[in-house]
Amino acid sequence: MTQMLTQAPQEPGYTFLNFPLALNVEDLKADIAILGVPFGLPYDSKGAPNDQSLAPDRLRCNSDQSPYSRERFDWDLDGPLLNNQAITVVDCGNVTADPSDPQVHYRRATTVANMIFERGATVVTLGGDHGVTIPVLRATKCLNRPITLVHVDAHLDWRDESKGVREGFRSPIRRASEMAWIDQIVQIGIRGIGSLVTDEVKEARRHGGKIITAYEMHRRGMDWVLSQIGDGGPFYLTIDADGLDPAIMPGVMSPTPGGLDWMQIHQLIHGLSRKGSIVGMDLVEIAPRHDVGNLTLVHAERLICNFIGACARNGQLRPRHH
């Protein structure tokens, strides 16, 4: 088989929180798998090696306090990360790319994510720009259940195409709406000015998903937002870093005032995990060169730890298949 996974190439030796490296997903035995998908589909030749492609490895390198994060009492979780349970978390490294054909990276991401899902693990994807959500969502088809997509972002991401590209970072939710197994779509934190024109907003509204602006979220509260999401799941959670307020995630390409604060994203993650199983999540659009004092990376690590800890506590992890 063509090599589809590699260990953090820019900083060899690092995995997220020093979890075991598992590059052979065909023999995967894990409950939660970290997967780096560094490259979205570029809109031009300059867009391929973008700043966001550095984020998966920077997140790994920033998680250098692993004994503390994995073993000490965590007040976000009311106990240690894995809640003293026999839960296996692994880091599957990064999906490899082919500079001569950007689509190869997407095809490999779908193949790898599909194998992880089929083996019963929850996938935590580290992007990359928001285009990488598309190949991972394609892989959820193998679960043979309607998926509820929960999307945190400043932007709707509903462009049909841009510069002839239909699977770039402006289009993931539009592409998701075309996947027959993606059922309800709930978009949270929408605000500011994006790339959409009015007709595309009308199309998104006609699709029938719930579009919750940041202003409605702040006014009504996260309990109300959670009430707008059907119970049971399974859920897939996609988080664009610019969906959070730039006061806590400044390291993005499009900082927009008024996003989710830390308490709100914490409440969303834990509230969603209590509503049903979350088969996967991704965190995308972190631009490390734009970070301020590692603030974005610190919040990103905390966010992922809260997701892992919530999954460990709420009995929603799926049985493994060997």
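You'll find the structure just up there.
Since this is a predicted model, take the numbers as computed values, not measurements.

(A) Seen up close, the pattern of salt bridges. Inspection of every chain in the model, using the stated rule, returns 15 salt bridges. For Arg302, the salt bridge identified is with Asp74, shortest N-O distance 2.9 Å. Taken together, the positions of Arg302 in helix α10 (residues 295-313) and Asp74 in the loop between α2 (66-71) and β3 (89-95) put the pair 228 residues apart, joining distant regions of the chain. With relative accessibility at 22%, the residue Arg302 sits in the partly exposed group. Overlapping salt bridges bring together Asp160, Arg166, Arg175 and Glu178 as one network.

(B) Quick look at the packing of aromatic side chains. If you walk through the whole model with that rule in mind, you get two aromatic pairs. Measuring from centroid to centroid gives 5.0 Å for Tyr43 and Phe169, while their planes differ by 80°, and the two rings are edge-to-face. Of this pair, Tyr43 sits in the loop between β2 (32-37) and α1 (55-62) while Phe169 sits in the loop between β5 (147-152) and α5 (172-177), placing them 126 residues apart in sequence. Looking at Arg170, its charged tip hangs above the ring of Tyr43, at a distance of 4.6 Å from the centre. The ring of Trp224 carries Arg220 above its face, with NZ or CZ at 4.4 Å from the centroid.

Rules and cut-offs
- Residues numbered from 1 in each chain as written.
- Predicted model: local features only at pLDDT ≥ 70, side-chain atom pairs only at ≥ 80, totals over all residues.
- Heavy atoms only, no water.
- Salt bridge = Lys/Arg side-chain N within 4 Å of Asp/Glu carboxyl O.
- Helix = DSSP H or I, 4+ residues; strand = E, 2+ residues; numbered from the N terminus.
- Buried < 20%, exposed > 50% of the residue type's maximum accessible area, 1.4 Å probe, protein only.
- Phe/Tyr/Trp six-rings, centres within 6.5 Å; stacked < 30°, edge-to-face > 60°.
- Lys NZ or Arg CZ within 6 Å of the ring centre and 35° of its normal.

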